[in-house]
Amino acid sequence: MEPDLAFAVWSGERQHRIEDVLRRALAFNDGAPPRLLEAMRYAVLDGGKRVRALLAYATGELTGAAPAVVDGPAAAVEMIHAYSLAHDDLPSMDNDALRRGKPSCHVAFGEAIALLAGDTLQAQAFAVLAAVPMRDVGAACMLLARAAGACGMAGGQAVDLAHVGTRMSVADLETMHLMKTGALIRAAIRLGADCGRALGADEEAALDAFARAAGLAFQVVDDVLDVEGSAATLGKTAGKDAAQAKPTYVTLLGVAEAKRHAAALNEEAHRALAEFGGAARRLHEIADWITRRTH
Ligand code: GRG
């Protein structure tokens, strides 16, 4: 099979798998208000590339974990991600009416329910993760909490909001994105790996270096797509960064240089995996996919 086709099959199978896992994780019916449950499902199901889940499955394969063990961490990370998107789209944050090709959660359900759906998705993520039969599930919960919290994703969002209309240095922009987007990507990578054999210190450092480079590449490409993509291809409003005067890699570097930067980060991501040899094949493929994606 051609390598690209083999990756498409591998990722397609896991995208279906995580959809089922998420559906089951949100199938509880123990008194939750139906409208809230509907909004949670709306925010998570039937959409998204599932980049973070694929990263967790890939690192799980790298450390010999059974996919059934990785399901929980992969779903937890996707639920945190979906909550962040529902909250990010709110009028008090990014104020976007379109997400994953459909009306944003608050447009479909109202602001209050969208806010609560985000809150309850975050809670459910930890409920799912806490039940995973992995070596140190307490450490896993701590890792996800740190990635999602004030020093990670939510903190990065606060930094982002505080810098609208300002000019940041590339170094400060990078720090902000390592928190806002990179922390959850790193958590997906580490949690998947932690479902299998224990990693040596060198392997941990290699995966962290990969996560850093691939996470930044993801964000640089996101900035380029905001300029070059359309709502039809992206499934979300294009041109938002310029309209909101947000500092981005494109505003700081220009489109051509931002693309070169993404390619260089992709190379860095590949180099970081050297010590795993062919065992890290899926991570190499995901890094390429992140860098070449069109949505
Ligand atoms: C509200 C606490 C809180 C955090 C929001 C992640 C985030 C922080 C905001 C999203 C805004 C944004 C466009 C960030 C850039 C990168 C990003 C996370 C894009 C969306 O992720 P994809 O492309 O989305 O993986 P899909 O829909 O494919 O899952």
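Every chain is numbered on its own, with residues counted from 1 as its sequence reads. Two thresholds apply to this predicted model, a pLDDT of at least 70 for residue-level local features and 80 or more for giving and counting side-chain atom pairs, whereas whole-chain, interface and lining totals are computed over all residues. As a rule here, side-chain values come from all non-hydrogen atoms in the structure, and water together with hydrogens is ignored.

Enquirer: Help me understand the site of the ligand in this model?
Expert: Being near a molecule or strand, for a residue, comes down to having at least one heavy atom within 4 Å of it. Lining the immediate surroundings of the ligand are 20 residues, of which Lys49, Arg52, His81, Asp88 and Arg100 lie closest. Here an oxygen atom of the ligand and a side-chain polar atom of Lys49 are 2.5 Å apart. Any N or O atom pair separated by 3.5 Å or less is treated as a polar contact, with the protein-specific requirement of one donor-capable and one acceptor-capable atom, and with residues adjacent in sequence counted only for side-chain atom pairs. Between Arg100 and the ligand, the recorded distance is 2.8 Å, taken from a side-chain N or O atom to an oxygen atom. Calculation of accessible area relied on Shrake-Rupley with a 1.4 Å probe; when residues are assessed, cover is drawn exclusively from the protein chains displayed. Burial of the ligand by the surrounding chains reaches 92%, relative to a free accessible area of 700 Å². Here a cavity denotes a set of grid points, spaced 1 Å apart and computed over the protein atoms alone, in which a 1.4 Å probe fits but from which it cannot get out, and a pocket denotes an open set meeting protein on both sides within 12 Å along at least five of seven lines; residues with an atom within 4 Å of a point are reported as lining. In this scheme, a molecule is assigned to a cavity or pocket if more than half of its atoms are within 2 Å of the grid points. The site holding the ligand turns out to be the largest pocket. Each helix corresponds to a stretch of at least 4 residues labelled H or I by DSSP, and each strand to a stretch of at least 2 residues labelled E; elements are numbered beginning at the N terminus. Sorting the residues of the shell around the ligand by element identifies helix H4 (67–88), helix H8 (153–162), helix H9 (170–193) and helix H10 (201–228) as the ones contributing at least two each. Residue contributions to the shell around the ligand peak at six residues, all from H4.

Enquirer: I would appreciate a short explanation of the pattern of salt bridges in the present structure.
Expert: Oppositely charged side chains are able to pair whenever their charged atoms sit close together. Salt bridges are defined by distance alone: a side-chain nitrogen of Lys or Arg within 4 Å of a carboxyl oxygen of Asp or Glu. A complete count under the given rule lists 24 salt bridges for this structure. The salt bridge involving Glu204 is made with Arg190; its shortest N-O contact spans 3.4 Å. Placement of Glu204 in helix H10 and of Arg190 in helix H9 is noted, with a sequence separation of 14 residues between them. Accessible area is worked out with a 1.4 Å probe on protein chains only. A residue is then buried under 20% of its type maximum, exposed over 50%, and partly exposed in between. On the accessibility criterion, Arg190 (9% relative accessible area) is buried. The partner of Arg281 in a salt bridge is Glu285, and the shortest N-O contact between them spans 3.3 Å. Here the residue Arg281 and the residue Glu285 both occupy positions in helix H15 (residues 281–292), the gap between them amounting to four residues, near one helical turn. When its relative accessible area of 41% is taken as the criterion, Arg281 is described as partly exposed. Salt bridges sharing common partners tie together Glu19, Arg23, Asp46, Arg50 and Glu78.

Enquirer: Honestly, the layout of surface pockets in this entry has me stumped. Any pointers?
Expert: Unoccupied space between atoms shows up once a probe the size of one water molecule is rolled over them. When its volume is computed, the largest pocket comes out at roughly 990 Å³. Listing elements by their share of the lining of the largest pocket, those giving two or more residues are helix H3 (51–62), H4, H8, H9, H10 and helix H12 (240–243). Tallied by class, residues from the lining of the largest pocket come to twelve nonpolar, 13 polar and 20 charged. Quantified by volume, the second largest pocket comes out at close to 180 Å³. Considering the residues around the second largest pocket, the lining is formed by Pro3, Asp4, Phe7, Glu285, Asp288, Trp289 and Arg292. Among the secondary structure elements, those contributing two or more residues to the lining of the second largest pocket are helix H1 (3–25) and H15. For the lining of the second largest pocket, the leading source of residues is H15, giving four residues. Considered class by class, the residues forming the lining of the second largest pocket number three nonpolar, no polar and four charged. Grid points are joined across faces, edges and corners, and a volume is the space filled by probe spheres set on the points. Each residue is assigned to one of three groups, with Ala, Val, Leu, Ile, Met, Phe, Trp, Tyr, Cys and Pro labelled nonpolar, Asp, Glu, Lys and Arg labelled charged, and all others, Gly among them, labelled polar.

Enquirer: Help me out: how do you make sense of the side chain of Arg190 in this one?
Expert: In this structure the side chain of Arg190 is engaged in a polar contact, spanning 3.4 Å, whose partner is the side chain of Glu204. Within the structure, the side chain of Arg190 is placed 3.5 Å from the side chain of Asp208, a separation counted as a polar contact. Contact definition: two residues touch when any of their heavy atoms are within 4.5 Å. Once residues within four sequence positions are removed from consideration, Arg190 is found in contact with Leu143, Glu204 and Asp208.

Enquirer: Even after reading the chapter, I still don't get the state of the cysteines, so can you show me in this structure?
Expert: By definition, a disulfide links two cysteine residues through a covalent bond between their sulfur atoms. Pairs of cysteine sulfur atoms within 2.5 Å are identified as disulfides in what follows. A complete count under the given rule lists zero disulfides for this structure. Cys195 takes part in no disulfide bond, and the closest cysteine sulfur, belonging to Cys141, lies 12 Å away. Residue classification places Cys195 among the buried positions, given a relative accessible area of 12%.

Enquirer: It is not clear to me how the nonpolar core should be interpreted in this structure. Could you clarify?
Expert: One broad rule of soluble globular proteins: the nonpolar side chains tend to lie buried together. Core analysis: the biggest nonpolar cluster contains 78 residues, and Met79 and Phe210 have the highest contact counts within it. The element best represented in this core is H4, accounting for eleven residues. Buried residues of nine kinds, namely Ala, Val, Leu, Ile, Met, Phe, Trp, Tyr and Cys, make up a nonpolar core once their side-chain atoms join them within 4.5 Å. Leu216, Val220, Ala262 and Leu265 belong to the second largest nonpolar core, which has 16 residues in total.

Enquirer: Quick question: what am I supposed to make of the packing of H3 against H15 here?
Expert: To characterise two packed helices, one gives the angle between the axes of the helices and the distance between these axes. Simply put, an axis is a line fit to the C-alpha atoms, just over the touching stretch for a helix, and the angle between two N-to-C directions goes from 0 to 180 degrees. It is at 9 Å that the axes of H3 and H15 come closest, and there the two elements cross at 160°. Classified by the interaxial angle, the pair formed by H3 and H15 is roughly antiparallel. Handedness of the H3/H15 crossing: left-handed. The residues of H15 that touch H3, namely those facing Val51, Leu54, Leu55, Ala58, Thr59, Glu61 and Leu62, are Arg282, Leu283, Ile286, Trp289 and Ile290. Of the residues in the contact of H3 with H15, the class split is nine nonpolar, one polar and two charged. When an angle is under 35 degrees it counts as roughly parallel; over 145 it counts as roughly antiparallel; between 65 and 115 it counts as roughly perpendicular; any other value is oblique. Crossings are classed by handedness, with left-handed meaning an anticlockwise turn of the near helix from the far one by less than a right angle and right-handed meaning a clockwise turn.

Enquirer: In this structure, what is going on with the packing of aromatic side chains? I would like to understand it.
Expert: We describe a pair of aromatic rings using the distance from one ring centre to the other and the angle between the two ring planes. Centres within 6.5 Å make a pair out of two Phe, Tyr or Trp rings, where for Trp the six-membered ring is used; the pair is then stacked when the planes are under 30 degrees apart, edge-to-face when over 60, and tilted otherwise. In the structure shown here, the tally under the stated rule is three aromatic pairs. For the pair Phe7 and Trp10, a centre-to-centre distance of 6.0 Å together with 20° between the ring planes defines the contact as stacked. Here Phe7 and its partner Trp10 are both found in helix H1, three residues apart, which amounts to about one turn of the helix. Here Trp10 falls in the buried class, since its relative accessible area comes to 5%. Three or more aromatic residues link up through ring pairs in this structure, and these residues are Phe7, Trp10 and Trp289. Two thresholds decide whether a charge sits over a ring: the Lys NZ or Arg CZ must be within 6 Å of the ring centre and within 35 degrees of the ring normal. Over the ring of Phe218 we find Arg293, and its NZ or CZ is 4.1 Å from the ring centre.

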